[in-house]
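An overview of the molecular structure
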Amino acid sequence: MAEGKMIHQTALSGKSIQRETHRRHKDGRLIPTSVLGYPIKIGSEIVGAFYIYMNISERKSVEKALAHQAFHDALTGLPNRVLFSERLGRALERIKRNQDHRFAVLLFDLDRFKQVNDSYGHVTGDKLLVAVSSRLSKCFRAVDTVARLGGDEFAVLMEEVDRPEQIIIVVNRAKELVSEPFLINNQEIFTSASIGIVIKTDPYQTPEEIMRDADIAMYRAKELGKGYFKFFSRKMYQQTVALVKLETELRQAIDQKQFELYYQPILDVPTQQLVGLEALIRWNHPVRGMLFPSIFIPVAEDTGLIVPIGSWAIAEACRQLKEWQEEFKVANNLVMNVNISSKQLLLPDFVDYVTNVLQQNDLDPRCLKLEITETVIMQDTKATIERLTRLVNLGVRIVIDDFGTGYSSLSYLQRFPIDVLKIDRSFISGSGNVQDNIEIVKTIISLARSLGLSVVAEGVESLDQLDALKDLKCELAQGYLFSKPLDKLSIIELMKDMKRSG
Ligand code: C2E
Ligand code: MG
Ligand code: MG
């Protein structure tokens, strides 16, 4: 039944009615109108109906604008997260009905966007986002949804994709377009995007699950560097879950004191006398058994948990050395090496913490050496030099660990108050060419000499390697040839032996 007729009949049946409809204006345009229809009654008899029409074009356009605002990003005009999620939900529904309906989700995150904002200002940052959004939109078809999720994050819902190759072609094109310079306020600005992609969408129940996995893949892409893309895989999810689990367990491990220090002897090369110990942390995991640092230190660094863990290691190593010094005369000449991460060193109260630990244990600061890697000293030079100088003033000495694997130059090293270079084990017992390695070790040793530093070789595994080090006049060494890292009880046995042999 035509709408007008329906309104008329309702009114005639005795009920008033309100509807929104369209009416033709006298200039010929159709305009949205609201119509109110009332019955005309005389006594109890309905004799007709009358209508009030109202032009509601203005209200309609406001409503339309509001609806647009709710579903679109104000800056770029792209669909926003709400609309994207709704379209994704619909695509999921379609796939449940028809397995042939394939789609993919691409999550773009701009690299270095924060730097653009910081160095050029937010107005330029905003212009860049608008420019990126228009380039991205050009890469995709009308059926696809290109959305801005917020910040520098964009998402694309690609509909009707049959083969992954199809996606790779489009993604590469999008990547290239984004990496071409943008001319904003007469300045060339460069950016790139890291992209996470979910293609196997049929196992999902909700849009949130898809976005979670696109995010995981995007972070994996970021780990590779700038401007990479990664397809999400089940394995990635499992690894992420495992990582989250590890983090939770690490927190418990701190509370429940599940860490233990092992100690690797450091020897004087000419005399082969024990001169020091390097404290190396182990985690007695309640289910997985003893875990090596490579399994948990990276996670601890990423999550900041390295701070409490590392603090514990310093305190425990110092407490232990003092205990041994009180029991064994030989331990009085021993130095304890403790590894620290940049996160610890850059804490404002790190030096105070070390000072306190030394005081509480009544330990001579010259018995403590702190090992940092080359990458640490290159992170925040000013703060690092300040911290190291204060530590050195205390009497603590600084070792550059894994030396040779970073990129520090001679002039660079001179600026830091360092005492020891520890040559990375890859040059001592690594798989590289022996002659090349000897040359590198030789260079490091002569570099150390010229800077007045002493040298430790780590990872000495064979007598040949030891002989070579002797020839090169390397002073100190540690490695499996002498001893693996030992637990506390084995160190006590070692000290007892030393006592017996005088
Ligand atoms: P690192 O400080 O370079 O320690 C030397 C690593 O080489 C140790 O591994 C040691 O067990 C191993 N190693 C010693 N001699 C030999 C050898 O002859 N051959 C071979 N192949 N390896 C040898 P570990 O104990 O697994 O420690 C790994 C890394 O974890 C350490 O490297 C250090 O960077 C870090 N780490 C250990 N404890 C701590 C800690 O308390 N705090 C922090 N921040 N990092 C720690
Ligand atoms: Mg070390
Ligand atoms: Mg090392």
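Residues numbered from 1 in each chain as written. Chains lettered and ligands numbered in written order. Predicted model: local features only at pLDDT ≥ 70, side-chain atom pairs only at ≥ 80, totals over all residues. Heavy atoms only, no water.

Considering the nonpolar core
Of all hydrophobic cores here, the largest spans 77 residues; its most connected members are Leu-250, Leu-277, Trp-324, Met-336, Leu-370, Leu-391 and Leu-421. A per-element tally of this core places helix H10 (residues 306-327) first, with nine residues. Ignoring anything within four residues of it in the chain, the contact list for Leu-250 reads Phe-259, Trp-283, Phe-296, Val-299, Ala-300, Leu-305 and Ile-309. (Core = buried A, V, L, I, M, F, W, Y, C linked by side-chain atoms within 4.5 Å. Buried < 20%, exposed > 50% of the residue type's maximum accessible area, 1.4 Å probe, protein only. Helix = DSSP H or I, 4+ residues; strand = E, 2+ residues; numbered from the N terminus. Contact = heavy atoms within 4.5 Å.)

Description of the domain arrangement of the protein chain
The domain architecture assigned to the protein chain consists of domain 1 (2-58), domain 2 (67-241) and domain 3 (253-501). The distance between the C-alpha centroids of domain 2 and domain 3 comes to 45 Å. (Domains from an automatic or database assignment.)

A short note on the site of ligand 1
Close contacts around ligand 1 come from 24 residues, with Arg-282, Asp-401, Arg-425, Glu-461 and Tyr-480 the closest. Here Gln-264 contributes a side-chain N or O atom positioned 2.9 Å from a nitrogen atom of ligand 1. With respect to ligand 1, the side chain of Glu-461 contributes an N or O atom lying 2.5 Å from a nitrogen atom. Relative to its unbound accessible area of 800 Å², ligand 1 is 84% covered by the protein chains. Where the shell around ligand 1 is concerned, the elements lending two or more residues are strand S12 (274-285), H10 and strand S16 (397-403). The element that contributes the greatest number of residues to the shell around ligand 1 is S12, accounting for four residues. Tallied by class, residues from the shell around ligand 1 come to ten nonpolar, six polar and eight charged. (Near = heavy atom within 4 Å. Polar contact = N/O pair within 3.5 Å; in protein donor to acceptor, adjacent residues only side chain to side chain. Areas by Shrake-Rupley, 256 points an atom, 1.4 Å probe, with all protein chains shown as cover. Nonpolar A, V, L, I, M, F, W, Y, C, P; charged D, E, K, R; others polar.)

Concerning the coordination of the magnesium ion (ligand 3)
In this structure, Asp-401 (OD), Asp-402 (OD), Glu-458 (OE) and Glu-458 (OE) serve as the protein donors to the magnesium ion (ligand 3), at separations of 2.0 to 2.4 Å. Mapping the donors of the magnesium ion (ligand 3) onto the primary sequence yields the spacing D-D-x55-E. The metal-metal distance between the magnesium ion (ligand 3) and the magnesium ion (ligand 2) is 4.1 Å, with Asp-401 serving as a donor to both. Residue Asp-402 is located in strand S16, and its partner Glu-458 is located in strand S18 (residues 454-458); the two are separated by 56 residues in the primary sequence. For Glu-458, a relative accessible area of 9% gives the class buried. (Donors = N, O, S within 2.8 Å, 3.2 Å for Na, K, Ca; no water.)

Some details on the environment of Tyr-412
Examined against the element boundaries, Tyr-412 turns out to sit in helix H15 (residues 410-414). Sequence-wise, Tyr-412 and Ile-31 are 381 residues apart; in three dimensions their C-alpha atoms are separated by 76 Å.

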